[in-house]
Amino acid sequence: MASSDDFLQCVRDKIPGELVYTQCSSNFAGVLLYYAVAKNNPRLAFPSGECPTIGVGGHFSGGGIGMMMRKYGLSIDRVVDAKLVNANGELLDRSGMGEDLFWAIRGGGGGNFGVVLSWKAVFRALYLGECGSLASTMRDRFPELNMTSADCQPMTWLQSAALSFFSFTNSKPVEDVLLPRPASPTTFSKGKSDYVRHAIPKAVWKEIYASWFTMKGAGVIVLEPHGGFMCGVPEDATPYPHRRGVLYVIQYIAYWMSADGGPAATSWLDGFYGFMAHHVTKHPREAYVNFRDLDIGQNALEDDFGAAENARFWGQRYFLGNYERLAKVKAAADPTNYFRNEQSIPPMANQPRE
Ligand SMILES: Cc1cc2nc3c(=O)[nH]c(=O)nc-3n(C[C@H](O)[C@H](O)[C@H](O)COP(=O)(O)OP(=O)(O)OC[C@H]3O[C@@H](n4cnc5c(N)ncnc54)[C@H](O)[C@@H]3O)c2cc1C
């Protein structure tokens, strides 16, 4: 098993394209991929979430969508091995767990199949271009913006991640903004997701801006483009199925600062999500497992022999045709449903616990 120190050492020493371990537990700094990279080799990049604060344990387990996915895919598309403690307490690597379980842990969602101690993944350097070439592309494609090289600031992938999330200004080392965490949250939020396979007409967007974003409790939405590399990976290559034909995923976020702000924010979220039903995927209405949405269905608290069938409704929304394979892998890997939560995948051949 790679320790956190191994991981940090690997990031420090390795050159692009080589393999490193990302530690998932026991050391806060090791869990935080961006911080670990910043601290040790800030020239490396890895396709991971837009938000640099999330942990690799849950994030990789559900797929990992981010700024670089059109070019390099999801986080899980770069994972080549993992160390997992299974329901029997055994420590397994890829060859020990077998290809079915290795498939399932790369996108089937955290807290389902065991505890991942480390991921082995391919890191890459990132070079997207220089200010001059960007300015000339922008002049050709978006002349109305009048953008010039003077509007650009060259930066590494890490700095751009910090900038997009924390208003990073280059006035201090990037790792100084990636590590600190508030002891208690000052903002509360609730999220939902949708996938779009057919362009939403301009008139609908105008309506959205004029009505939904001017309401009391209005939150934000983030549109994350798919296509590119994402289209080339078959739907069943990993549990994450939202690939070919997806234009973008929509992340809806309602947020509030104090308890009395909750009702307006969540009612905005529910109303807007209801409105969007006409414009997004249907039958099933697809959703991203890492943007957990307990409104779409939950497991019963008690053991339920029909659990895998009952969970099919929301399971197919997260995994489409991969749901059934996940439930069968679960039955083989964790037949007593030791790892379970409100939306864990139930074993398809569910047996009562002793
Ligand atoms: C502010 C914010 C921004 C986000 N941005 C993105 C984004 O850009 N792209 C994206 O894809 N997602 C994004 N997410 C969603 C994120 O991927 C999930 O919340 C993910 O679960 C975070 O992983 P974690 O380990 O930090 O979470 P946790 O809450 O610790 O874990 C989530 C689930 O995974 C399980 N789990 C955790 N560690 C392990 C492990 N080592 N082995 C097995 N199971 C484990 C937990 O039991 C739990 O069920 C964002 C979330 C937030 C809050």
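Residues numbered from 1 in each chain as written. Predicted model: local features only at pLDDT ≥ 70, side-chain atom pairs only at ≥ 80, totals over all residues.

**Focus on the overall build of the chain**
This is how it is decided: Only DSSP runs of H or I reaching four residues or more are called helices, and only runs of E reaching two or more are called strands; each is numbered from the N terminus. Here a residue counts as buried when 20 or more other C-beta atoms fall within 10 Å of its C-beta, as exposed when 12 or fewer do, and as partly exposed in between; the C-beta atoms come from the backbone.
Along its length, the chain carries 15 helices and nine strands. Evaluated residue by residue, the chain yields a buried proportion of 36% over its 354 residues.

**Details of the sheet that holds strand β9 (residues 248-256)**
Filter applied, for reference: Being paired, for any two strands, means DSSP has found at least two bridges between them. Lines fitted to the C-alpha atoms define the axes, with helices restricted to the stretch that makes contact. Angles between their N-to-C directions range from 0 to 180 degrees. Residues are treated as contacting if the C-beta atoms built from their backbones sit within 7 Å of each other.
With antiparallel pairing, the three strands of this open sheet are ordered in space as β7-β9-β8. Either end of the sheet is taken by a strand with one partner, and the two such strands are β7 (188-196) and β8 (220-225). If you compare each strand with its neighbour and ignore which way they point, the axes differ by 20 degrees on average. Pairing of β8 with β9, which is carried by six bridges, proceeds in the antiparallel orientation. Paired with L223 across the strands is I250, a residue of β9. Sheet strands in contact with helix α12 (residues 262-276) are β7 and β9, and its direction is about 160 degrees off that of β9.

**Notes on the confidence of the model for the chain**
The condition that has to hold: Each residue carries a pLDDT value, the predictor's own confidence for that position, ranging from 0 to 100.
Residues of the chain with pLDDT of at least 70 account for 86%, and the chain-wide mean is 86. Note on residues 1-16: pLDDT is under 50 here. Beyond four places in sequence and across chains, it has 39 contacts. Predicted confidence is poor over residues 350-354, with pLDDT under 50, and the contacts of this stretch with residues over four places away or in other chains come to nine contacts.

**Section: the nonpolar core**
Rule in force here: Joined through C-beta atoms within 7 Å, a set of buried Ala, Val, Leu, Ile, Met, Phe, Trp, Tyr and Cys residues constitutes a nonpolar core. Segmentation into domains, and thus their bounds, comes from an automatic or database assignment.
Y34, V37, L101, I105, L158 and L178 are the most contacted members of the largest nonpolar core, which totals 66 residues. Each of two domains, domain 1 (1-181) and domain 2 (188-279), supplies a minimum of three residues to this core.

**So, unusual backbone geometry**
In the segment running from H283 into P284, the intervening peptide bond is cis, with an omega of 0 degrees. Phi angles above zero are rare outside glycine, and H283 is one such case at about 50 degrees. In this structure, H283 sits in the loop between α12 and α13 (307-310). In this structure H283 comes out as exposed when scored by C-beta crowding, with 6 C-beta atoms within 10 Å. Of note, L320 is a non-glycine position whose phi angle comes to about 45 degrees, a positive value. Summarising the element assignment, L320 is placed in the loop between α14 (312-319) and α15 (323-333). Overall, the presence of 18 C-beta atoms within 10 Å leaves L320 in the partly exposed class.

**Observations regarding the site of the ligand**
Rule in force here: Any residue whose C-beta atom, as placed from the backbone, lies within 6 Å of a molecule or strand is termed near it. Residues are grouped as follows: Ala, Val, Leu, Ile, Met, Phe, Trp, Tyr, Cys and Pro are nonpolar; Asp, Glu, Lys and Arg are charged; every other residue, Gly included, is polar.
Near the ligand, the surroundings consist of 22 residues, among which G55, G57, G58, G110 and G111 are the closest. In terms of residues, the shell around the ligand owes the most to one element, helix α4 (residues 56-62), which gives five residues. By residue class, the composition of the shell around the ligand is six nonpolar, 15 polar and one charged.

**A few points about helix α3 (residues 33-40)**
Extensive coverage of α3 is indicated by the burial of six of its eight residues. For α3, the complete set of buried residues consists of L33, Y34, Y35, A36, V37 and A38.

**Regarding the packing of helix α6 (residues 94-105) against α15**
To be explicit about the condition: The labels follow the angle: roughly parallel below 35 degrees, roughly antiparallel above 145, roughly perpendicular from 65 to 115, and oblique for the rest. When the near helix sits turned anticlockwise from the far one by under a right angle, the crossing is termed left-handed; a clockwise turn instead gives a right-handed crossing.
For the pair α6 and α15, interaxial distance at closest approach is 10 Å and the crossing angle is 120 degrees. Taken together, the axis directions place α6 and α15 in an arrangement best described as oblique. With respect to the hand of their crossing, α6 and α15 are arranged in left-handed fashion. Contacts from D100, L101 and A104 in α6 reach L326, V329, A332 and A333 in α15. For the contact of α6 with α15, the residue count by class is six nonpolar, no polar and one charged.

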